Every structure is written in structure tokens, then in C-alpha cells.
Amino acid sequence: MPSWNSRGLRGSALEELINLTNTKYREKNLALIQKIPTPITPITIDKENRHITLAYFEEKSTVDYIGTAQGIPVCFDAKECASDTFALQNVHEHQVEFMKDFEKQGGIAFLLIYYSKRNYYYYLPLKDLLVFWNRAKEGGRKSFRFEELDADNTISCMNSIYIHYLVNIAKDAQNREKQQSC
């Protein structure tokens, strides 16, 4: 069973910004999206500082965030990438399967990727992720390059909202409606 050392999972700056964004969304009645904790079982606890120092995962996680935005079910996973190449090994098969099942139920699933080298936030819809995912499964590249991404899916900071991804969800929902009406 996989285990982890708590030093590596104290919460990233990316997750903190997403959590602040989600708080703003909730305050403005735009969305209700929450971080989904991964269940763990502590093995070692530093009693003096009351911190878990060693634990194991009870089960596989699905995605990092889930909720609803303007009546649309939403789930996404947050990923950070230090280079211009995103390795698909950072996404797990069970996560992709969960996101596919989520969309079958009428939801919108995506990855929110932060390219730290560029200070750039990106909204990768599941349909686009699946293009790269299926290419890898068929023996192609096990990653995708920054140049392969659609610039229309850039996430911006606006109106004091740190990572304003609701704009991208709205565009995604509109595109889905157009495709269904054709």
C-alpha cells in the first residue's frame, strides 16, 4: 500500500490559490466547489507538534475538487508542471475513468494545470486530455507539449479572483450546447 511522508503534502501554493478562488466564488454565489481530501490512516504521529509524520492512503483518490457552478456539476484535478512538457504519468487511469463517468452524468471534468516556469494557468477539458491520453495508449508520446495546447483555454486573474476558471467552464458549457444542437 502506498505511503507518504507529510512533508510532501502540506498543501501547495496552487491548491491554496484554488481554495481562495473557490472561497470568492462561494461568497459571490457563483459556485460551490470543495477540495476532496484523500483518506489516510496515520502510522506515526509527532505527539509534541501534533503532526502526522507517516501515513498510508486508505484508497485511491478521484479528483482534487468537486462541486457545482451555476447548476453545472464540476470536477477537476489540479496539476503543476515545471517545464513545457506535461508527463501523463501525473494523471492516473482511475482519475481519467472517474472524469469520464462524471461527464456521462452531465458534468464537466477538466485538469487545471499551472505551468510554474511560465506563471501560466491552463484549463484542459477532459476531451482534450483524452486526445493525449489515447495517443499515449496507442504507443505515442507519453506527454504533451505546451505548444499543443489551445490558447483559448488560458485561465486569467480578474476581478480579484486569483484563478478565474469559471470563465473557462462557461465557454466549455457553451461549446457543448452548440455541439448538441448541431
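As the structure is a prediction and not an experimental result, all values here were calculated from the model.

Draft legend 1. Geometry of the pairing of strand E5 (residues 65-69). Examined bridge by bridge, strand E2 (residues 31-35) and E5 share five bridges and lie antiparallel to one another. Looking at E5, one finds that Leu 32 is bridged to Thr 68. Of the pairings in the sheet, the one linking E5 to strand E6 (residues 72-81) comprises five bridges and is antiparallel in character. In the sheet register, Gly 67 faces E6, and the bridge partner there is Val 74.

Draft legend 2. How the structure looks around the layout of surface pockets. If you add up the space inside the second largest pocket, you get close to 240 Å³. Lining the second largest pocket are 14 residues, and of these Pro 125, Lys 127, Asn 153, Asp 172 and Asn 175 lie nearest its centre. For the lining of the second largest pocket, the secondary structure elements donating two or more residues are strand E9 (120-125), helix H3 (126-137) and helix H4 (166-181). For the lining of the second largest pocket, the element with the most residues is H4, which contributes six residues. Across the lining of the second largest pocket, the residue classes break down as two nonpolar, four polar and eight charged.

Draft legend 3. Region of interest: the UniProt feature "site: Transition state stabilizer" (unreviewed entry) in the protein chain. Using the residue numbers shown here, the UniProt feature "site: Transition state stabilizer" (unreviewed entry) corresponds to Lys 79. Among the structural elements, Lys 79 can be located in strand E6. Residue Lys 79 is classed as buried on the basis of its relative accessible area, which comes to 12%. Not counting the four nearest positions on each side in its chain, Lys 79 is found in contact with Leu 14, Phe 86, Asn 90, Val 91, Gln 95, Leu 111, Leu 112, Ile 113 and Tyr 114.

Definitions and cut-offs
- Residues numbered from 1 in each chain as written.
- Predicted model: local features only at pLDDT ≥ 70, side-chain atom pairs only at ≥ 80, totals over all residues.
- Heavy atoms only, no water.
- Pairing = 2+ DSSP bridges.
- Helix = DSSP H or I, 4+ residues; strand = E, 2+ residues; numbered from the N terminus.
- 1 Å grid on protein atoms, 1.4 Å probe; cavity = no way out; pocket = protein on both sides within 12 Å on 5 of 7 lines; lining within 4 Å.
- Points joined across faces, edges and corners; volume = space filled by probe spheres on them.
- Nonpolar A, V, L, I, M, F, W, Y, C, P; charged D, E, K, R; others polar.
- UniProt positions renumbered as here; feature names shortened; annotations may be inferred.
- Buried < 20%, exposed > 50% of the residue type's maximum accessible area, 1.4 Å probe, protein only.
- Contact = heavy atoms within 4.5 Å.

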